[in-house]
Every structure is written in C-alpha cells, then in structure tokens.
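An overview of the molecular structure
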Amino acid sequence: MVAEVIINSTVKNLNKTFDYNIPAEIAGIIKVGDRILVPFGNAKKLEEGFVVGFKEKSEYKVKDIVAIQEGFNLKEEQIELAKWMARRYFCNVSDCIKMMLPPGTTTKILDNRVKEKNLNFVYLKKENEEIDFLIETKKLKSEKQIRTLKFLQENDGVLISDLELFADVSRAIINTLEKNGYIEIIEKQVYRNPFINKKLKRDTDLELTDEQKIAYNSISSCIQNNEFREFLIYGITGSRKNRSLFTINT
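Residues numbered from 1 in each chain as written. Predicted model: local features only at pLDDT ≥ 70, side-chain atom pairs only at ≥ 80, totals over all residues. Heavy atoms only, no water.

To continue, consider the sheet that holds strand β5 (residues 63–64). Taken together, the six strands give an open sheet; going across it, the order is β5-β2-β1-β4-β3-β6, and neighbouring strands pair in mixed fashion. A single partner strand is all that each edge strand has here, and the edge strands are β5 and β6 (67–68). The pairing of strand β2 (residues 17–21) with β5 spans two bridges and is parallel. By the bridge assignment, Y20 is partnered in β5 with K63. (Pairing = 2+ DSSP bridges. Helix = DSSP H or I, 4+ residues; strand = E, 2+ residues; numbered from the N terminus.)

A full pass over the atoms with the stated rule returns three aromatic pairs. Ring geometry for W84 against Y89: centres 6.3 Å apart, planes inclined by 90°, an arrangement best described as edge-to-face. A cation over an aromatic ring shows up here: K126 above the ring of Y182, its NZ or CZ 5.6 Å from the ring centre. Across the ring face of F121, the terminal group of K188 is positioned such that the distance to the ring centre comes to 5.8 Å. (Phe/Tyr/Trp six-rings, centres within 6.5 Å; stacked < 30°, edge-to-face > 60°. Lys NZ or Arg CZ within 6 Å of the ring centre and 35° of its normal.)

As a further point, take the layout of surface pockets. By volume, the second largest pocket amounts to about 200 Å³. No other element matches β2, which puts four residues into the lining of the second largest pocket. Among the residues forming the lining of the second largest pocket, the class breakdown is six nonpolar, two polar and four charged. (1 Å grid on protein atoms, 1.4 Å probe; cavity = no way out; pocket = protein on both sides within 12 Å on 5 of 7 lines; lining within 4 Å. Points joined across faces, edges and corners; volume = space filled by probe spheres on them. Nonpolar A, V, L, I, M, F, W, Y, C, P; charged D, E, K, R; others polar.)

In this section: the pattern of salt bridges. Applying the stated criterion to the full structure yields eight salt bridges. In this structure, the salt-bridge partner of D34 is K31, at a minimum N-O distance of 3.1 Å. (Salt bridge = Lys/Arg side-chain N within 4 Å of Asp/Glu carboxyl O.)

Keep in mind these values describe shape, not function.
Here you go:
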C-alpha cells in the first residue's frame, strides 16, 4: 500500500502529492489526515507531511514513511475541505491544512509546538444507588471517603487535583477508594488552549462615512436595477484598498 502525501511547504512546486511506501508496522493504523515524517529529496533532515490518500502501488521508486506524529491529526473530511479551498483560492493544500490545526501546533519545529497534556480524571465505578445504600447501612464509615463519593455523584469525571481541592481529601483517600473498587482513575489527553489567558473582544460593525455611503448606495442601486456600470474607487494609503476598478455585471 502506498500513501499520497502533501509536504508541509509553502513552495508552489511542492503543491502536489508524493508517493511513500507504508511500512508493515504502521499499515494497520495509518489513516488519511495523519501527520507524518518522511525523507524528502537529498535532505538529511526529515520533512513533515500530511496523508491525503492511499493507492495500491506507485509508478515511481518510493521511500518509506518514517513515523506518524502523535496528536493534532485531521479527519478525512478536513483534508477534502483543504483540497477544495486550495482549488478555490489558488493556494497550497498544506496552507489550507494548517488553518485547521489548533493554534500553536502548526510550526515545523517540534520543540516550539504547544504540547498535549495528559491529566487524570476520576469516575465513579459503582451506581449511585449502591453508594447510597453502603452509606445508609454504615458499611462505608469513613467521613472523607463518603465526602469524596458524594462529590463525585454530582461531579463525575472531575480532575483528580480538583477532587482533592473541592472535596478536601488527600490522594491517599482517593487511592483507597480506587483500590476498593468505588472509583476509577482514567488518564486523558487534553489540548492546551493558547487563548485561555487572553481576553478577546468581538468586533462591532463600523459606521460608514458620508462619502462611503454615497459610494455604497451608488453601487447597490446599480445591482438592484440590473444596470451595467463601472466604478473607480479611491482608497487612502493604509486602508488596504489601493486603487481598484470594480465592474458590476448582471
């Protein structure tokens, strides 16, 4: 099996797929959207690429994929969207793919990327009714263990650090409950949000100046009346408009 790969590059000549052989050890797990490392050209350093498709064989002599990068991979639907965006906006597929990746993960320098983080979450392993019964029949007597279980009844799937803080219990109490089969601790991978400490204010619509209103109304009137006219619009320096010629065809 051969993977079709887009190299993570802004070079226009590389805006195409390259074939790479899929080694046996990753044949069962690799999928469209995976971020991979591959040898490319004569460079000694491995290049990053994105798997965008598969085929049975290649007409070229192909090299092996070296590794699949963990985390921040895409779905097949996102890859198809990136291909459409590249055709629509005349840009590289890799540029469109990077727009779908979480902020802080697009750089090719691995050490500079926002890292995934593994955290421990606590879940109840017994039903609420069984826990209530054990408490009522005094089979569960520890005040701290009862407090922990009652907190989890209302907040199941809480971070272990939050459980210690809000239930005011030690890690030893939690470990005892886990050992006795009341709870289970599950490690999950979470993504760090680079905007978590930033306050973002939503933009509001700007009011048009009198001159802008005149220009807008003139163009809008022609569109509504199915008229063909040309408009030469002048923009001041720094307004991101430059001098533009707009032709309205209806």
